[in-house]
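A structural walkthrough
The chain contents come next:
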Amino acid sequence: MIDLSRTRAELLAEIEATDSAGEPLSNITDPRLATRDARVRVCGHGRHDLFPLLKAALLERFAAAPRLQLIRDLLIPLRNALGNAFKHGNGRDPTKAISVELVLARKGALIAVTDEGAGFDVAVTFRRFQGDENYFVNDGCGFRNLHGAMSSVSYENGGRTVLLCYRPAMENMEPASRLPASEPVAAGVSPAVEGGILPPGIRSVVSARLDPSTRLPPGGTPGSTAGETPTATFRGAPRVKDSESSLSKVLDAEWIQACLSDELPESANGQTRIESCRVYPTCGRANDDCGNRYVLRVAGHNGEPMETRILTGRFHATEAAAAADFEAATSLHEAKISKRVLIPRPVARPAGEPRLVLYDFDSWMNLWEFLTFRNNLKSLRHRSERIGQTLAALHRSQVLFPGMETDPIGGGLQAMVMRAVTNFQMLPGGSDLVNHFHACVERLQERAASRGPRPLTPIHGAFGWECIHYGVDGRFYLYRFEACRQADPGLDLGGFAADLLCFTLAHHDAKVFRICRDAFLNSYNSTAEDPMGEDDLRFYTALALCERLGRAERRAQADAGQLLAALDAALSSDSVRVAASEVSW
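Predicted model, so just to flag it, every value in this text is computed and none were measured.

Here we take up the confidence of the model for the protein. Low pLDDT marks stretches whose predicted atomic positions should not be read closely. Here the protein averages 79 in pLDDT, while 73% of its residues score no lower than 70. Here residues 574-585 is modelled with pLDDT under 50, and outside its nearest four sequence neighbours on either side it reaches 25 contacts, counting other chains as well.

Right, let's talk about the sheet that holds strand S3 (residues 108-114) for a bit. Ordered by their spatial adjacency, 5 strands build an open sheet running S1-S2-S3-S5-S4, and the pairing between neighbours is antiparallel. In the strand order of this sheet, the two ends are held by strand S1 (38-44) and strand S4 (152-156), each with one partner. The sheet shows a mean angle of 15° between the axes of neighbouring strands, direction not considered. Where strand S2 (residues 98-105) lies against S3, 7 bridges are found, and the strand directions are antiparallel. Each bridged residue has a counterpart across the sheet, and for Ser-99 the counterpart in S3 is Thr-114. In the packing of helix H2 (residues 47-61) onto the sheet, contacts are made with S1, S2 and S3, and the angle to S2 comes to roughly 5°. In the packing of helix H3 (residues 67-89) onto the sheet, the strands contacted are S2, S3 and strand S5 (161-166), and the crossing angle to S5 comes to about 170°.

With that out of the way, let us pick up the packing of helix H12 (residues 377-395) against helix H16 (residues 510-525). One way to put it is that H12 packs onto H16 with a least axis distance of 7 Å and a crossing angle of 30°. One finds that H12 runs roughly parallel with respect to H16. Note on packing geometry: the crossing formed by H12 with H16 is right-handed. Of H16, the residues touching H12 (which contributes Leu-377, Leu-380, Arg-381, Ser-384, Glu-385, Ile-387, Gly-388, Gln-389, Leu-391, Ala-392 and His-395) are Val-512, Ile-515, Cys-516, Ala-519, Phe-520, Ser-523 and Tyr-524. Partitioning the contact of H12 with H16 into residue classes produces 11 nonpolar, 5 polar and 2 charged.

Across soluble globular proteins, nonpolar side chains show a tendency to be buried alongside one another. Residues Leu-102 and Val-113 are the most contacted members of the largest nonpolar core, which totals 114 residues. A total of 10 residues in this core trace back to one element, the largest contributor, which is helix H15 (residues 490-507). Setting aside residues no more than four positions away along its own chain, Val-113 makes contact with Leu-78, Ala-81, Leu-82, Ala-85, Ile-98, Ser-99, Val-100, Arg-160, Thr-161 and Val-162. Leu-247, Val-250, Cys-277 and Leu-356 belong to the second largest nonpolar core, which has 17 residues in total.

In this model H15 runs 25 Å from its N-terminal to its C-terminal C-alpha over 18 residues, within 8% of the 26 Å that 1.5 Å per residue would give. H15 sits mainly inside the fold: 16 of its 18 residues count as buried.

Now for the pattern of salt bridges. Applying the stated rule across the entire model yields 26 salt bridges. Where Glu-101 meets Arg-39, a salt bridge forms, and the shortest distance between an N and an O atom there is 3.3 Å. Placement of Glu-101 in strand S2 and of Arg-39 in strand S1 is noted, with a sequence separation of 62 residues between them. Neither Glu-101 nor Arg-39 differs from the other in exposure class; each is buried. Ionic pairing is found between Arg-273 and Glu-275, a salt bridge with its closest N-O pair at 2.5 Å.

Taken as a whole, this structure holds 0 disulfides when the rule is applied. Between Cys-277, a free cysteine, and Cys-259, which holds the nearest cysteine sulfur, the sulfur-to-sulfur gap is 10.0 Å.

Bringing the environment of Ala-392 into the picture now. Position of Ala-392 relative to the elements: it lies in helix H12. Separated by 138 residues in sequence, Ala-392 and Asp-530 place their C-alpha atoms 9.1 Å apart. Apart from residues no more than four positions distant in its own chain, Ala-392 is found in contact with Tyr-524, Thr-527 and Ala-528.

Our focus in this paragraph is the sheet that holds strand S8 (residues 307-315). Pairing within the open sheet is antiparallel, and its 5 strands lie in the order S6-S7-S8-S11-S10. Pairing within the sheet leaves two strands with one partner each, and these edge strands are strand S6 (272-280) and strand S10 (345-348). Averaged over all pairs of adjacent strands, the angle between their axes in this sheet comes to 35°, without regard to strand direction. Taken together, the 4 bridges between S8 and strand S11 (residues 356-360) define a ladder with antiparallel strand orientation. Paired with Arg-314 across the bridge in S11 is Val-357. Strand contacts of helix H8 (residues 253-263): S6, strand S7 (292-300), S8, S10 and S11, with the helix running at about 145° to S6, the strand carrying the most contacts.

Attention now moves to the packing of aromatic side chains. Inspection of the entire model under this criterion finds 16 aromatic pairs. Ring geometry for Phe-120 and Tyr-155: centres 5.7 Å apart, planes at 85°, overall edge-to-face. Of this pair, Phe-120 sits in the loop between S3 and helix H4 (122-130) while Tyr-155 sits in strand S4; the two residues are 35 residues apart in sequence, bridging distant segments of the chain. According to the relative accessible area criterion, Phe-120 is partly exposed, its value standing at 35%. By relative accessible area, Tyr-155 is classed as buried at 15%. Following the ring pairs from residue to residue traces out a cluster consisting of Phe-51, Trp-364, Phe-370, Tyr-470 and Phe-476. Arg-278 extends its terminal NZ or CZ atom over the ring of Tyr-280, reaching a point 4.2 Å from the ring centre. Sitting over the ring of Tyr-479, Arg-314 keeps its end group 5.3 Å from the ring centre.

Definitions and limits used
- All chains use their own residue numbering, which begins from 1 and follows the written sequence.
- Confidence filtering applies because this is a predicted model: local features only for residues at pLDDT of at least 70, side-chain atom pairs given and counted only at 80 or more, and all residues used for totals across whole chains, interfaces and linings.
- Water and hydrogen atoms play no part in the side-chain values, which are based on all heavy atoms of the structure.
- Confidence scores labelled pLDDT are given residue by residue by the predictor and lie between 0 and 100.
- Here, residues are in contact when the closest pair of their heavy atoms is within 4.5 Å.
- The pairing criterion is simple: DSSP has to find at least two bridges between the two strands.
- Numbering of helices and strands runs from the N terminus; a helix is a DSSP stretch of H or I covering at least four residues, while a strand is a stretch of E covering at least two.
- Whenever a helix is involved, its axis is fitted only over the stretch in contact; in every case the axis is a line through C-alpha atoms, and angles between N-to-C directions fall within 0 to 180 degrees.
- For this classification, under 35 degrees means roughly parallel, over 145 means roughly antiparallel, 65 to 115 means roughly perpendicular, and everything else is oblique.
- Crossing handedness follows the turn of the near helix against the far one: under a right angle anticlockwise gives a left-handed crossing, and clockwise gives a right-handed one.
- The nonpolar class holds Ala, Val, Leu, Ile, Met, Phe, Trp, Tyr, Cys and Pro. Asp, Glu, Lys and Arg form the charged class, and all remaining residues, Gly among them, are polar.
- Note on terminology: a nonpolar core comprises buried Ala, Val, Leu, Ile, Met, Phe, Trp, Tyr and Cys residues joined through side-chain atoms within 4.5 Å.
- Each residue is assigned to one of three classes by its accessible area relative to the maximum for its type, calculated with a 1.4 Å probe on protein chains only: buried under 20%, partly exposed between the two thresholds, exposed over 50%.
- What a helix is expected to span follows from its residue count: subtract one and scale by 1.5 Å.
- A pair is scored as a salt bridge if a Lys or Arg side-chain nitrogen falls within 4 Å of a carboxyl oxygen belonging to Asp or Glu.
- Whenever a pair of cysteine sulfur atoms sits within 2.5 Å, that pair is classed as a disulfide.
- Ring geometry is summarised as follows: Phe, Tyr and Trp rings, the Trp one being its six-membered ring, pair when their centres sit within 6.5 Å, and such pairs are stacked at plane angles under 30 degrees, edge-to-face over 60 and tilted between the two.
- Remark: a charge is flagged as sitting over a ring if the NZ atom of Lys or the CZ atom of Arg is within 6 Å of the ring centre and within 35 degrees of the ring normal.

As structure tokens, this is what we get:
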């Protein structure tokens, strides 16, 4: 929160910062920032060139902090401070600099953001803000977010410098280098298991840094169903030793630099030269499940200034999954199906490690996180409309995917039911949940029998809010393409609506769900070749919830009873009102 009485000296003492002799570091990618007390000063001209690197460094430093808290208390205030420095302090003048000083200490961080503007009367502006007076030029979200954070915020230098002091809970202070997250699974505890992301059954098979889309059912292997006996090896997937070897490569900055120097088209043809590479591995509770980040310093051979590029790498369990992801993303990116929600550009699938797919893309929130912090009907409805339009564009596109589903409901539904029942039996009160679930499935099958098959179209295939990301560039992107195929378009719509239902029952009410569902459906139908009715959408929503109930890792996010309440709501419009009072996430 904003407290103008706090001074820099007090805030430094609060995080127990030690006096640092000599000049501060000037390289934000210096590995020492992850583990030691350090001071670094960097300069830039706006949020676009400063925030991505600061985000990567801070996520690594505070990898053990709960992600939503870290976003609310550190990343959002920092991004707002950078935006205010550019827009208000420097008057959007690209020739003026923004200086960021970052002090990292045992108990937290102090960030000072300074612009070259004339300053402002902070005390008067803050009084207007507190009195709900008109104090801002744009929408005023910067002050609101700074005051809403649990961090301490103050100003100095006539308002030209904002001070942001972040103190995570003491149990989250373990440096990244000593977290279980920094070790491969075979050598210790998985970072994702430690953070409540992956079920323990996979820790002996693959690394926690494998992409989340490749996670296994408890006790199973890729392609197996729950309850099967795990085997030592499986076709198309790596042995544990092979996984460790692959991980050592994809986390090796020198290997990645050499690889990209040979395989990135602009580097291979001599247009650019990669001077350095810094790897930020996915680890801890603060990770975003997108993949490792690769920060490249790139120089042109014709005297162009050095620039920074950030790539995101998805490391799949199998070469087949990586190939499907890369090929589908390439086709969709080239098709330019939407201007509102983009497809990140896949830039490489290295020959030396074909399970790695690299994207020219840097996310910092998924849709669930984005809307949690926006927390208003306007944003939720607007996003629902945009995603409806994007799915309609995908489904009517001419993109060809190799996979073809002739019966997406029959066999697929039965497999979902089997997985969900197996998972229920492992929970307290599992028999009651099984009975409740079977009643829901019977209603679902009745609806399936009453409707005919839809024409098969290009679909995302594993659609949900975790596949929609907000990038550091302020644009929305679709992500995770390995399940793309020709299939029933209702599967994509149901995936979005299922998460919309869960989100609104948790954060709003049934009325908000209906408003946003209708906005989503109307925007889809306005351009879709095969419009979707409300009753049909309810069916696909229920189908998607069945699929989520069958995923073992979903138990880390919500228990089966809560998802069943959402399933009831999806199957009966009357029960939405009842479920809204029962679900709390």
